[in-house]
Structure formats: structure tokens, C-alpha cells
Amino acid sequence: MVSQTLTPPETPAAARFPMSQVVTRFAPSPTGYLHIGGGRTALFNWLYARGRGGKFLLRIEDTDRERSTPEATAAILRGLTWLGLDWDGDVVSQFDRKDRHAEVAHEMLTRGTAYKCFATKEEIEAFRAAHDSYAVFQSPWRDADPASYPALPYVIRMKAPREGATVISDEVQGIVTFQNDQLDDMIVLRSDGTPTYMLAVVVDDHDMGVTHVIRGDDHLANAARQTMVYDAMGWTVPVWAHIPLIHGPDGKKLSKRHGALGVEEYQAMGYPAAGMRNYLTRLGWAHGDAEIFTSDEAKAMFDLAGIGRAPARLDFKKLEHVCGQHIAMTPDAALLQEIEAFLVARGEPALTQGQHARMLKGMYCLKERAKTLPELLEKARFALISRPIGRDEASAAALDTVSRGILKSLTLQLQNATWEKAELESILTAAATEAGIGFGKLAQPLRAALAGRTATPSVYDMMLVIGRDETIARLSEAAD
RNA sequence: GGCCCGUUCGUCUAUCGGUUAGGACACCUGGUUUUCAACCAGGUAAGAGGGGUUCGACUCCCCUACGGGCUGCCA
């Protein structure tokens, strides 16, 4: 029988399951792309499980056949994969488990913790009209004699306690108490025999051995209802951790007008996955003053206690800063690989061997000046282009008659240089002195000649990366 | 309407009854400089409001304001 008041077990929630058995899950409904908030929820679950040698499972909540699409499922999987959040085992389809859900609903029936309700939607509306419009519906079939059951479609409703309270012990929100008279006899099995979310989620979490439910705090009230289902089946209630939702920069609920909502949009904008993980981890969670860290460090540090209770706002400036830090600390080869994947995802042509080699050679001076991949690619322009060099307006203007003359004489002087930075430095400074101009004045036409842009890496770095022949060729081209 | 949650610099946050309320991003100033960055040094900037409790409250309690969630045969 259902107890009148459901209270948390004596032992602290987190201690109910041995650490070695931590099982978390991410359970999105496939009705669109992977939302940035969903990505963070998945990240928290992943970090918690991975940091404790536990399992991170993935379940697609596709019981709503009207709104669920395979395309959305594919998009969610792509988003998670890009974020680097790997899950254990197969992806579970909730819809595939509908027979099991129905089985549990019927077991609740035999246990007397649920009942068949033959009330029609019209009757429910009539009930509300007769009471106040927010009244909790009370089914007349709750205690009806089965002998009186009509031969009509019915739903199975949870026989929820009407007195007392249901208490949730949440790792983020603390102890939250819901009066049972606020909670209705929720439907667990629809008249067409399919399960509702409230039943399916509990059955699946139980069957999958989920120990920690980390999800958005829009589910906080649901935790009370779900606790009733666990109790009705005599199952162990998991550890709850309801995390605040992410808001837009204006503090309002995140919506389309805030710009990027989908994880894949961030990928398309060229934020590196490691930077996204770092930023998202710090959004609503803190560990002292830790700001920039690797995923391994995050796994080791992450805990439920560090999760804040207030909704956090998205701040693109900080996202960029964090991403810039990660770009700078990523090993050259790995970074180049990520850039090439980015190019492919964008549908742009792959790098040629020459471009690849020059990028790798110049990565040292590129990765410390970019916050996003496109920004890095722009800085790397000098290493990617080939003659004839296309120039923007400002750089073309830098190539006036005087400058071209200087570049022309430089091509001769560079002919026999050893191509060491020190020697290039002395040649160029001497040239500037000779021309009676500061080095800055000489650097401008050099940038225009080498990259066709006015903002580039150091002229020495560019010369070193593209080599003597190409440097001289570009200077000659610009001088003519 | 009812129930529930939240509120520290502009933003993300530290603090877990006693601090000059700390860090990071952003911003401002200076430095470095070869453009753009990066980098270095310094600076501006916060406990929503009102009541309590206490020797002492950002921290505990209550009220108010504001924001959010739930209140579906959606998830």
C-alpha cells in the first residue's frame, strides 16, 4: 500500500549507492536539435559518471509519436558526439519499451497502487467547470468496484496518496516538500495502451539501473510524482539533482531570439569542443577559483555540491575567452585535425598537402591569437593562399610606389639569407633604416605582399613558415 | 489562482555566522609592440527591499518585489 507520507531514506541520498555503481543518463526527447541546455545537462551527467568510473547511458524519450522524428534523434547523437560525450551501451528507445511499461502499469493495478479510470475528457472538463479551473481532478473510479466497470476505453491512473506530503531530497535544491493534495492521480497508461512520460521514465531509469538523475529543474515537481511510482513499485528512488536552466544574456528563458540554441550551431561557429565543454561546465557549477581546465581535470573535480541554484546566463565573451585558451593549449597536430574536421563539417574543401604542412609549421604562431576556428583560419590565410595573392582594400593601399620599390630591393637582399629569424630581422631593420622609415611602416607593405591583409601574424613568422622561395615570389608579385 | 524553486560586481561565480566580500570574463588606464591578437601591471564594480534571530548576518527565519518552473491521455 502507498504510504501516506513519503520521506527520504535515513541514509544520505548520495550514500545509497556505492560510488563504483554510479549510473547516470541523458534522456532527451527527439523533437529537434540538441539544445545547448540539453548539452550541458548531458555534460553534467557525463562528468559525474566518468569522474567516478560509472556509466553514462543515453535514452531517447520518443513515446510521443506525433513529435518524435528520427532526424531529431540523429541530430542529438551528432551533437553529443561533437561535444565528445560518449555514452555506454546502445541508445535506448523508450518507445521500444512500451510493452514493459504497460506490464508495470498492470502490475500497479494488481498491487492496488493504480486503477482503471473510464472518465472521458468531457467529464474531466465538466469536473473542472464545477470546481475551480485549477482543481486537481478526482476520478470517481478511484475506489470503484471492478464489477461496475463498463466496456469502454480506459486509462490507468496512479492511486496517489491524497493526504500527507511527498518529500524529495535533492542534491542541488535540498529538501523539497510537496503536499500530496496538490498532486493528482496522474495517468500512467493512456487509453491507447501507451505509457505516459511519468511512468516510462521511472520504469526505464529503474530497469537501466540509473542511480543518479541529473536533469533540468523543470522536472523538480515531477520528481515528487515519480517518487510515488517508485514507491508504488517498491523500487529504490534514485539520487535527484535538479539543475537550473540556462537563460539568455537578458536573463529570460533561452529562446530563438537569443541566437544560437542548438549545439551544432556552436560547432558551425567554430568554437572548439574542448572549450565548449569547459565553458558549459563552469556555467552553473564552480570548484573554487578553477576556470580553465581539461576534461580530465573536470571529471576529477566535478561534483553535485558545486552546482548553483540560480539559472545562469550565456555569455559569449567568456565563451570566446575560454575557447581561446583551449585553442592555445591544444597540441598542434590535434588542433589541425579539429580544424580539418571543422572544414569538412562546413562543406569546405579539404586542405591540400602543402596547406596542411604550412598550417602545421605555423600553428605555433596561429593558435595563440585566435578564439575560434574561423578566426584562426583567417590568421592562417597567408599559409593557405597561393599566388596570385588576392588583397583587400587596405592592404592594396599599403602597396604604394615607394613601398613597392623597397620590396623590390628586398627580394634581392633575401636571395641569400639563411632564413633564420635573427638574420631576417637584421635584413629587414636595415632595410627600414635605409629607407628612412620605422619598422612598422615597412611591415605594412610586407603584410600586404605576403598575406594580402593588414592584420596578420608577425612578418617573420610568415616568412619562416612559407619559406624563402615563396616569400621572394610574393614580394616580387607585389612589387610589380 | 495554487504549489515549488531562485535572487552576491554588467556576466559566470567563491564565501558554507566574524573576510579590506576573493577569482574569472567584460570594461577602463598604463606597459610591451610590427598590424590584429596575445601577454604583463593596475583600476572601476556586488550581497533585491524590509523586518527579525544573534555579541555579530551575504550566510539562519519571516514578509515583499522581481524572475523561473509545475499545475496535459507533452516530455
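In this text the structure is predicted, and so the values were computed from the model without any measurement.

Q: It is not clear to me how helix 19 (residues 459-479) should be interpreted in this structure. Could you clarify?
A: Side chains of residues three or four places apart in an α-helix project in the same direction, reflecting 3.6 residues per turn. Helix length check: helix 19, at 21 residues, gives a terminal C-alpha distance of 17 Å against a target of 30 Å (1.5 Å per residue), a shortfall beyond 12%. Maximum bend of helix 19: about 115°, positioned at G467. Between the side-chain oxygen of the N-cap and the backbone nitrogen of Y460 there are 3.1 Å, and the N-cap of helix 19 in question is S458.

Q: Teacher, can you tell me more about the protein's contact with RNA strand B here?
A: Around RNA strand B, the surrounding shell holds 62 residues, and the nearest of these are R190, G284, R369, R447 and Y460. Considering the 4 Å shell around the protein, atoms of RNA strand B inside it are sugar or phosphate in 61% of instances. Between a base nitrogen of RNA strand B and a side-chain N or O atom of K318, the distance comes to 3.2 Å. The contact in question runs from a phosphate oxygen of RNA strand B to an N or O atom on the side chain of Q325, over 3.4 Å. Listed by contribution, the elements that provide at least two residues to the surface near RNA strand B are helix 4 (121-130), strand 7 (174-179), helix 5 (197-207), helix 6 (220-233), strand 12 (312-313), helix 10 (316-329), helix 18 (439-451) and helix 19. Residue composition of the surface near RNA strand B, by class: 21 nonpolar, 17 polar and 24 charged.

Q: Which parts of the structure should I look at to understand the packing of aromatic side chains?
A: Scanning all chains against the criterion turns up 12 aromatic pairs. Centroid distance F118 to Y154: 5.5 Å. Interplanar angle 55°. Geometry classified as tilted. In this pair, F118 is assigned in the loop between strand 4 (114-117) and helix 4 and Y154 in the loop between helix 4 and strand 5 (155-158), connecting sequence segments 36 residues apart. Since its relative accessible area comes to 7%, F118 is described here as buried. Relative accessible area serves as the criterion here: at 27%, Y154 is assigned to the partly exposed category. Taken together through their ring pairs, the aromatic side chains of F44, W285, F293 and F302 make up a single cluster. Taking the ring centre of F95 as reference, the NZ or CZ of R65 above it sits at 3.5 Å. Residue placement shows K98 over the ring face of F95; its charged tip is 4.5 Å from the ring centre.

Q: Any chance you could explain the pattern of salt bridges here in plain terms?
A: One side chain can pair with another of opposite charge once the charged atoms of both are near each other. Per the counting criterion, the structure on display carries 29 salt bridges. Between D205 and R59 there is a salt bridge whose closest N-O contact spans 2.8 Å. Of the two residues, D205 sits in helix 5 while R59 sits in strand 2 (residues 55-60), which places them 146 residues apart along the sequence. Its relative accessible area of 2% is what places D205 among the buried residues. Residue classification places R59 among the buried residues on the basis of a relative accessible area of 0%. The closest approach of N and O atoms between D143 and K159, which form a salt bridge, is 3.2 Å. Here K159 lies in the loop between strand 5 and strand 6 (165-170) and D143 lies in the loop between helix 4 and strand 5, a separation of 16 residues in the sequence. Relative accessible area serves as the criterion here: at 61%, D143 is assigned to the exposed category. Taken together, the shared-partner salt bridges connect R25, R59, E61, R97, R100, E103, D204, D205 and D207 into one network.

Q: When you look at the packing of helix 3 (residues 98-111) against helix 6 in this model, what are you seeing that I'm missing?
A: Relative orientation and spacing of two packed helices are given, respectively, by the angle between their axes and the distance between those axes. Contact geometry of helix 3 with helix 6 gives a least axis separation of 10 Å together with a crossing angle of 65°. Our classification of the angle between helix 3 and helix 6 gives roughly perpendicular. When you trace helix 3 past helix 6, the crossing you get is left-handed. When helix 3 is examined against helix 6, the residues V104, E107, M108 and R111 are found in contact with a partner set consisting of V229, A232 and M233. For the contact of helix 3 with helix 6, the residue count by class is five nonpolar, no polar and two charged.

Q: Even after reading the chapter, I still don't get unusual backbone geometry, so can you show me in this structure?
A: Residues other than glycine predominantly adopt negative phi, and peptide bonds predominantly adopt the trans conformation. The linkage connecting R387 with the following residue, P388, adopts the cis geometry, with an omega of 0°. Looking at the secondary structure, you find P388 in the loop between helix 14 (381-384) and helix 15 (393-398).

Rules behind the numbers
Residues numbered from 1 in each chain as written. Chains lettered and ligands numbered in written order. Predicted model: local features only at pLDDT ≥ 70, side-chain atom pairs only at ≥ 80, totals over all residues. Heavy atoms only, no water. Helix = DSSP H or I, 4+ residues; strand = E, 2+ residues; numbered from the N terminus. Expected span 1.5 Å × (residues − 1). Bend = angle between axes of the 7 residues up to and from the residue. Polar contact = N/O pair within 3.5 Å; in protein donor to acceptor, adjacent residues only side chain to side chain. Near = heavy atom within 4 Å. Nonpolar A, V, L, I, M, F, W, Y, C, P; charged D, E, K, R; others polar. Phe/Tyr/Trp six-rings, centres within 6.5 Å; stacked < 30°, edge-to-face > 60°. Buried < 20%, exposed > 50% of the residue type's maximum accessible area, 1.4 Å probe, protein only. Lys NZ or Arg CZ within 6 Å of the ring centre and 35° of its normal. Salt bridge = Lys/Arg side-chain N within 4 Å of Asp/Glu carboxyl O. Axes fitted to C-alpha atoms, helices over the stretch in contact; angles between N-to-C directions. Parallel < 35°, antiparallel > 145°, perpendicular 65-115°, else oblique. Left-handed = near helix turned anticlockwise from the far one by under 90°. Contact = heavy atoms within 4.5 Å.

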